[in-house]
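Analysis of the macromolecular model
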Amino acid sequence: MNQVIDLLQAHRSIRKFTETPVQQELLNTCIAAGQSAATSSFIQACTVIQVNDSNNRNALSEWAGNQQYVKAAPVFLVFCADMNRHKLSCEMHQAEMLSGFTEQFITATVDCALFAQNVAIAAESEGLGVVYIGGIRNKIDLVSQALELPDLTYPVFGMCIGYPDQDPEVKPRLPLEVVLKQDKYSDKNDADIIAEYDKTIKAYYQSRTGGQKDMTWSEQISGMLQKEARPHMLSFLKSRGFLHK
Ligand SMILES: Cc1cc2nc3c(=O)[nH]c(=O)nc-3n(C[C@H](O)[C@H](O)[C@H](O)COP(=O)(O)O)c2cc1C
């Protein structure tokens, strides 16, 4: 294809890093690449917190479910959806900001995801490895306190960055026909295609774990979706000024 597409298709999360530090200048370049992502109505609603403080790193690692790489990675970033600076901008014009709209929550969250994925690709293009950390939302209130996040902001996810000290296989994705539909949605053949894909993922897990993990994709998903998904999120987001309308 071309080098960009090759890079995108070579992505795999990295959870073990060498001790080689990531130069701040390189990190800043990756963050600037994040800023270049498209942003809804030019809203620029993402703030990144680089967590250097070791106490906070340890706490974040524990709150994320004892994910060791959160404290071990050379760099840990928290991507925050941020409408606070928009409130400040309204105040600069003596305007009252109408906040709490679900639409604003969606645009800020999407902005954050696009920003972060640009950072991830920029980092990977420089030979770095990354893993996103949604686990920080386990204790989103404590994370927000520790990072002194104001109202109208919330931590969407974290990201570990560093030079890879492992070389995991690329994880095969769903076949294209499940994720790309022509003109109308149809899931007519999806169950059959997923059943076939299940075999691929089972073989992938077996190879990656030396036979220890024996699971298909649909088994993994059905197991996950029988459990509640961070039910504290709605009340937390409301307490921060999101999702009222
Ligand atoms: C928003 C988001 C949150 C994630 N949170 C975690 C996490 O807390 N811990 C972790 O080890 N991986 C996390 N991941 C990584 C996914 O597990 C991983 O991307 C997925 O299994 C596909 O594997 P790959 O990235 O190696 O292709 C997260 C990924 C995303 C996009």
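Before reading on, note that the structure itself is shown above.
Residues numbered from 1 in each chain as written. Predicted model: local features only at pLDDT ≥ 70, side-chain atom pairs only at ≥ 80, totals over all residues. Heavy atoms only, no water.

We now examine the sheet that holds strand S1 (residues 46-50). Reading across the sheet, the four strands line up as S1-S2-S4-S3 and stay open at both edges, with antiparallel pairing between neighbours. At either end of the open sheet lies a strand with only one pairing partner, and these are S1 and strand S3 (129-133). Between one strand axis and the next, the sheet turns by 25° as a mean value, whatever way the strands run. In this sheet, strand S4 (residues 153-162) lies alongside strand S2 (residues 75-82) in antiparallel orientation, the contact comprising eight bridges. Each residue of the ladder has a partner; that of Val-75, found in S4, is Ile-161. Running at roughly 45° to S2, helix H5 (residues 84-92) makes contact with S1, S2 and S4 of the sheet. Strand contacts of helix H6 (residues 102-125): S1, S2, S3 and S4, with the helix running at about 10° to S4, the strand carrying the most contacts. (Pairing = 2+ DSSP bridges. Helix = DSSP H or I, 4+ residues; strand = E, 2+ residues; numbered from the N terminus. Axes fitted to C-alpha atoms, helices over the stretch in contact; angles between N-to-C directions. Contact = heavy atoms within 4.5 Å.)

Here we take up the site of the ligand. Around the ligand, the surrounding shell holds 14 residues, and the nearest of these are His-11, Ser-13, Gln-67, Gly-134 and Lys-171. One of the backbone nitrogen or oxygen atoms of Gly-135 is found 3.1 Å away from an oxygen atom of the ligand. Within the side chain of Arg-173, a nitrogen or oxygen atom sits 2.8 Å from an oxygen atom of the ligand. Compared with its free state, where it exposes 620 Å², the ligand has 70% of that area covered by protein. Of the pockets mapped on this structure, the ligand occupies the largest pocket. With three residues, the single largest contributor to the shell around the ligand is S3. Classifying every residue of the shell around the ligand by side-chain character gives five nonpolar, five polar and four charged. (Near = heavy atom within 4 Å. Polar contact = N/O pair within 3.5 Å; in protein donor to acceptor, adjacent residues only side chain to side chain. Areas by Shrake-Rupley, 256 points an atom, 1.4 Å probe, with all protein chains shown as cover. 1 Å grid on protein atoms, 1.4 Å probe; cavity = no way out; pocket = protein on both sides within 12 Å on 5 of 7 lines; lining within 4 Å. Sits in = over half its atoms within 2 Å of the grid points. Nonpolar A, V, L, I, M, F, W, Y, C, P; charged D, E, K, R; others polar.)

Our next topic: unusual backbone geometry. Look at Asn-66: it is not a glycine, yet its phi comes out positive at around 55°. In this fold, Asn-66 is placed in the loop between helix H3 (54-63) and helix H4 (68-72).

Attention now goes to a nonpolar patch on the surface. On the surface, a cluster of nonpolar side chains totalling about 230 Å² of accessible area is made up of Ile-106, Val-110 and Leu-114. Relative to the helices and strands, Leu-114 resides in helix H6. (Patch = residues over 30% accessible without salt bridge, like charges linked within 9 Å, V, L, I, M, F, W, Y side chains within 5 Å. Salt bridge = Lys/Arg side-chain N within 4 Å of Asp/Glu carboxyl O.)

Scanning the model with the defined rule gives seven salt bridges in all. Two residues, Lys-16 and Asp-165, come together in a salt bridge whose shortest N-O distance is 3.2 Å. Here Lys-16, found in the loop between helix H1 (3-9) and helix H2 (24-35), pairs with Asp-165, found in the loop between S4 and helix H8 (176-179); they are 149 residues apart in sequence, far enough to count as distant. The partner of Arg-85 in a salt bridge is Asp-82, and the shortest N-O contact between them spans 3.5 Å. The partly exposed category is assigned to Arg-85, whose relative accessible area is 31%. Relative accessible area serves as the criterion here: at 7%, Asp-82 is assigned to the buried category. (Buried < 20%, exposed > 50% of the residue type's maximum accessible area, 1.4 Å probe, protein only.)

Below, the discussion takes up the environment of Asn-84. As for its placement among the helices and strands, Asn-84 is situated in helix H5. With near-sequence residues (within four places) excluded, Asn-84 lies in contact with Pro-150, Asp-151, Leu-152 and Thr-153.

Okay, the nonpolar core next. Counting 37 residues, the largest nonpolar core has Phe-79, Val-119, Tyr-154 and Ile-161 as its most contacted members. Those elements that place two or more of their residues in this core are H2, S2, H6, S4 and helix H11 (233-239). At nine residues, the largest contribution of residues to this core is made by H6. For Ile-161, the residues in contact, after removing those within four places along its chain, are Phe-17, Val-22, Leu-27, Ala-73, Pro-74, Val-75, Leu-77, Val-119, Ala-123, Leu-128, Gly-129 and Val-130. Residues Ala-64, Tyr-69, Ala-73 and Leu-147 belong to the second largest nonpolar core, which totals 20 residues. (Core = buried A, V, L, I, M, F, W, Y, C linked by side-chain atoms within 4.5 Å.)

To continue, consider the layout of surface pockets. Rolled over the atoms, a probe with the dimensions of a water molecule shows which regions are left empty. Looking at the largest pocket, its volume works out to about 1200 Å³. Lining of the largest pocket is provided by 34 residues; of these, Arg-15, Tyr-132, Lys-171, Gln-220 and Met-224 occupy positions nearest its centre. Among the secondary structure elements, those contributing two or more residues to the lining of the largest pocket are S3, helix H9 (190-208) and helix H10 (217-224). When residues in the lining of the largest pocket are grouped by element, the largest group, five residues, is from H9. (Points joined across faces, edges and corners; volume = space filled by probe spheres on them.)

The next point concerns the packing of H2 against H6. Running from N to C, H2 and H6 cross one another at 140°; their axes reach a closest spacing of 7 Å. Taken together, H2 and H6 sit at an angle that is classed as oblique. Judged by the sense of rotation from one axis to the other, the crossing of H2 with H6 is right-handed. Counted together, Cys-30, Ile-31, Ala-33, Gly-34 and Gln-35 of H2 and Phe-115, Asn-118, Val-119, Ala-122 and Ala-123 of H6 form the full contact between these two elements. Classifying every residue of the contact of H2 with H6 gives seven nonpolar, three polar and no charged. (Parallel < 35°, antiparallel > 145°, perpendicular 65-115°, else oblique. Left-handed = near helix turned anticlockwise from the far one by under 90°.)

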